[in-house]
Amino acid sequence: SFVKDCVSVWPLRRPIPEVSNDHGDVVKEIEMQQEKKGRYQMWKEQRVENKAQKTFMKLFQKAIKRHFDIDVEVAHRLRCCYAWAEKKHQDGKVTSILIDGTSGAVDVDGHQGSGGSAGAGAGLFGGGRTRYVELDPKISYVEFREVQKSIFPHLDRVSEEFCNGFKEELWILQGTRRQNAVLKRESLAFLAVVSLLDLGITLS
């Protein structure tokens, strides 16, 4: 909604006037020019503007969804940051803990916690079980920042990355329209040649 409000402040297809001391006079002049236009011309400009805003919002939302997930590969970079970071927690090693499913007690050393007798009774009648679970070491913010600057620098320039993603989506849209125009022109030329040959064969 914030981007939509920013877009609706000024028409996308109209150049922004320079900020000066007589800014109010510039706005009044633009309003007078708008009043001189006919109803059909104003309706046509508004229709074009609405279409441009709709295309802009569609491309911007696509850039937000696709740029970081597909182009930047956020998940892969985060996994690399975790793997390459020097983790002090648990000396960077995986630790196994024992979970008692009968009583809910957890003991790192494998000893049964409080409520062991009750848990044993529940294990006889409730079918509880005990299992080991592996815990990966945690990573602190300082440790993450040390490797993030080299592996994932995109986090420090999020707004710039969004603009780059929008620019790429705009290039794709322009290239698709250009490709469709060329395909349409070649198809019409092919149909025209085939029609002329068919007409020539018919007349002969």
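Report on the accompanying structure. Model, not experiment: these values are computed from the prediction.

The rules behind the values
- Residues numbered from 1 in each chain as written.
- Predicted model: local features only at pLDDT ≥ 70, side-chain atom pairs only at ≥ 80, totals over all residues.
- Heavy atoms only, no water.
- Core = buried A, V, L, I, M, F, W, Y, C linked by side-chain atoms within 4.5 Å.
- Buried < 20%, exposed > 50% of the residue type's maximum accessible area, 1.4 Å probe, protein only.
- Contact = heavy atoms within 4.5 Å.
- Helix = DSSP H or I, 4+ residues; strand = E, 2+ residues; numbered from the N terminus.
- Axes fitted to C-alpha atoms, helices over the stretch in contact; angles between N-to-C directions.
- Parallel < 35°, antiparallel > 145°, perpendicular 65-115°, else oblique.
- Left-handed = near helix turned anticlockwise from the far one by under 90°.
- Nonpolar A, V, L, I, M, F, W, Y, C, P; charged D, E, K, R; others polar.
- Phe/Tyr/Trp six-rings, centres within 6.5 Å; stacked < 30°, edge-to-face > 60°.
- Lys NZ or Arg CZ within 6 Å of the ring centre and 35° of its normal.
- Expected span 1.5 Å × (residues − 1).
- Salt bridge = Lys/Arg side-chain N within 4 Å of Asp/Glu carboxyl O.

One finds F68, V72, V74, C81, A85, F144, V147 and F152 forming the largest nonpolar core, which totals eight residues. Filtering out sequence-adjacent residues up to four positions away, F144 remains in contact with L78, C81, I139 and L155.

With that settled, the discussion passes to the side chain of Q148. Note that Q148 resides in helix 6 (residues 141-151). Those residues within four positions of Q148 in sequence are excluded, and the remaining contacts are C81, P153, L155 and D156.

On to the packing of helix 4 (residues 74-84) against helix 6, then. Closest axis-to-axis distance for the helix 4/helix 6 pair is 9 Å, and the angle between their directions is 135°. By the criterion of interaxial angle, the relationship of helix 4 to helix 6 is oblique. Considering only the axes of helix 4 and helix 6, their crossing is right-handed. Mapping the contact onto sequence places R77, L78, C80, C81 and W84 in helix 4 and F144, V147, Q148 and I151 in helix 6. Looking at the contact of helix 4 with helix 6 residue by residue, the class counts come to seven nonpolar, one polar and one charged.

Right, let's talk about the packing of aromatic side chains for a bit. Evaluated as defined, the whole model comprises five aromatic pairs. Ring geometry for F56 against F60: centres 6.2 Å apart, planes inclined by 15°, an arrangement best described as stacked. Taken together, the residues span about one helical turn, with F56 and F60 both in helix 3 (residues 39-71) at a distance of four residues. Overall, F56 belongs to the partly exposed group, its relative accessible area being 21%. Here a set of aromatic residues connected by ring pairs shows up, and it is made of F56, F60 and F166. Over the ring of Y82 we find K87; its NZ or CZ atom is 4.5 Å from the centre of that ring.

Compared with the 68 Å implied by 1.5 Å per residue over 46 residues, the 67 Å span of helix 7 (residues 158-203) between its first and last C-alpha is a close match. Taken together, the buried positions of helix 7 are E161, G165, F166 and E169.

So, about the pattern of salt bridges. Here the structure, examined in full by the defined rule, presents three salt bridges. Across the pair R66 and E169 runs a salt bridge, and its minimum N-O distance is 3.9 Å. Note that R66 is positioned in helix 3 and E169 in helix 7, a separation of 103 residues in sequence. Judged by its relative accessible area of 7%, E169 is buried. Here D156 and R145 are joined by a salt bridge, their closest N and O atoms 3.1 Å apart. Taken together, the positions of D156 in the loop between helix 6 and helix 7 and R145 in helix 6 put the pair eleven residues apart, joining distant regions of the chain.

Bringing the packing of helix 3 against helix 7 into the picture now. Packing of helix 3 against helix 7 brings their axes to within 8 Å, and their N-to-C directions diverge by 115°. Along this stretch, helix 3 crosses helix 7, giving a crossing that reads as right-handed. Contacts from T55, F56, L59, F60, K62, A63, I64, R66, H67, F68 and D71 in helix 3 reach V158, E161, F162, G165, F166, E168, E169, L170, L173 and R177 in helix 7. By residue class, the composition of the contact of helix 3 with helix 7 is eleven nonpolar, three polar and seven charged.

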